[in-house]
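Residue-level structure breakdown
If you want the building blocks of each chain, they are given just below.
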Amino acid sequence: MIKHLDYCTHILNPEDVAILKTQSFDVNLRLLKTSPGYKAIIQQICNYIAWSATTLKEGYSKPKGWSGPNAGIPFRIIYVPPYGIMINPVWISTDTKYEDAYVKSNCGSLTLPKTIQVRRDRVINIKYWTIDGQEHSVERMTKADGGYTFQHEYAHCNGELIK
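So, how was this worked out
- Residues numbered from 1 in each chain as written.
- Predicted model: local features only at pLDDT ≥ 70, side-chain atom pairs only at ≥ 80, totals over all residues.
- Heavy atoms only, no water.
- Phe/Tyr/Trp six-rings, centres within 6.5 Å; stacked < 30°, edge-to-face > 60°.
- Helix = DSSP H or I, 4+ residues; strand = E, 2+ residues; numbered from the N terminus.
- Buried < 20%, exposed > 50% of the residue type's maximum accessible area, 1.4 Å probe, protein only.
- Lys NZ or Arg CZ within 6 Å of the ring centre and 35° of its normal.
- Salt bridge = Lys/Arg side-chain N within 4 Å of Asp/Glu carboxyl O.
- Core = buried A, V, L, I, M, F, W, Y, C linked by side-chain atoms within 4.5 Å.
- Contact = heavy atoms within 4.5 Å.

Summed over the entire model, instances satisfying the criterion amount to six aromatic pairs. Centroid distance tryptophan 91 to phenylalanine 150: 6.4 Å. Interplanar angle 75°. Geometry classified as edge-to-face. Of this pair, tryptophan 91 sits in strand β3 (residues 84-94) while phenylalanine 150 sits in helix α4 (residues 147-157), and the two are 59 residues apart along the sequence. When the ring of tryptophan 91 is compared with that of tyrosine 154, the centres are 5.7 Å apart and the planes differ by 70°; the resulting orientation is edge-to-face. Of this pair, tryptophan 91 sits in strand β3 while tyrosine 154 sits in helix α4, and the two are 63 residues apart along the sequence. According to the relative accessible area criterion, tryptophan 91 is partly exposed, its value standing at 24%. Tyrosine 154 sits in the buried class, given a relative accessible area of 15%. An aromatic cluster is defined as three or more aromatic residues linked by ring pairs; in this entry it consists of Tyr7, Tyr48 and Trp51. Sitting over the face of the ring of tryptophan 51, lysine 57 holds its NZ or CZ atom 5.4 Å from the ring centroid. Just above the ring of tyrosine 154 sits the side chain of arginine 76; from NZ or CZ to the centre is 5.3 Å.

Another aspect to go through is the pattern of salt bridges. According to the stated counting rule, one finds six salt bridges in the structure shown. A salt bridge links arginine 76 to aspartate 26; the shortest N-O distance between them is 3.6 Å. Note that arginine 76 is positioned in the loop between β1 (66-67) and β2 (77-80) and aspartate 26 in the loop between α1 (14-20) and α2 (29-34), a separation of 50 residues in sequence. Looking at arginine 76, the relative accessible area reads 6%, which means it is buried. Here lysine 97 makes a salt bridge to aspartate 95, at a shortest N to O gap of 4.0 Å. One salt-bridge network, held together by shared partners, links Asp95, Lys97 and Arg140.

This next bit is on the nonpolar core. As a rule of thumb, soluble globular proteins bury nonpolar side chains together. Ranked by internal contacts, the top residues of the largest apolar core, which has 21 residues, are Ile42, Ile49, Phe75, Ile77, Ile85 and Ile87. The set of elements that each furnish at least two residues to this core consists of α2, α3 (36-54), β2 and β3. No other element matches the seven residues that α3 contributes to this core. Apart from residues no more than four positions distant in its own chain, isoleucine 77 is found in contact with Val27, Ile42, Ile45, Cys46, Ile49, Trp66, Ser67, Gly68, Ile85, Met86, Ile87 and Cys157. One finds Met86, Ile126, Tyr128 and Phe150 within the second-largest nonpolar core, a separate group that totals 11 residues.

These values are about where atoms sit, not about what they do.
Listed below in structure tokens is the structure:
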């Protein structure tokens, strides 16, 4: 079986720390739409991130999502089921009518011995782009449709671990 740490950045590897703690770059949406070569590169990155997010590897549980920084790639690209790949995700707002949730979490880039309690917003509104450069919005995203995973992977793209 393939090993998790052969495919995921990890805080214990000095060469991985910078990508885990630095804000990721946006994918250039203009070039994504106009340059077949650029689009092909971004498509390969998206395929790799999707594969990483959906493949069980020795040394860690099956991932719930994945980010560019998890893959060692400094782009704002995340994988969140059921939506799949999200390019340049944006957290637009939080519905403050709902109390925050406190849930147990872990992280493939930390591989903590036990899950820890983290705060999540129960209902968020987001937008993202597809590989075809199309903008999509999700209103009232919750845990049931990937909202907690989105928050975790979005934090990775902002250089934050387990937020």
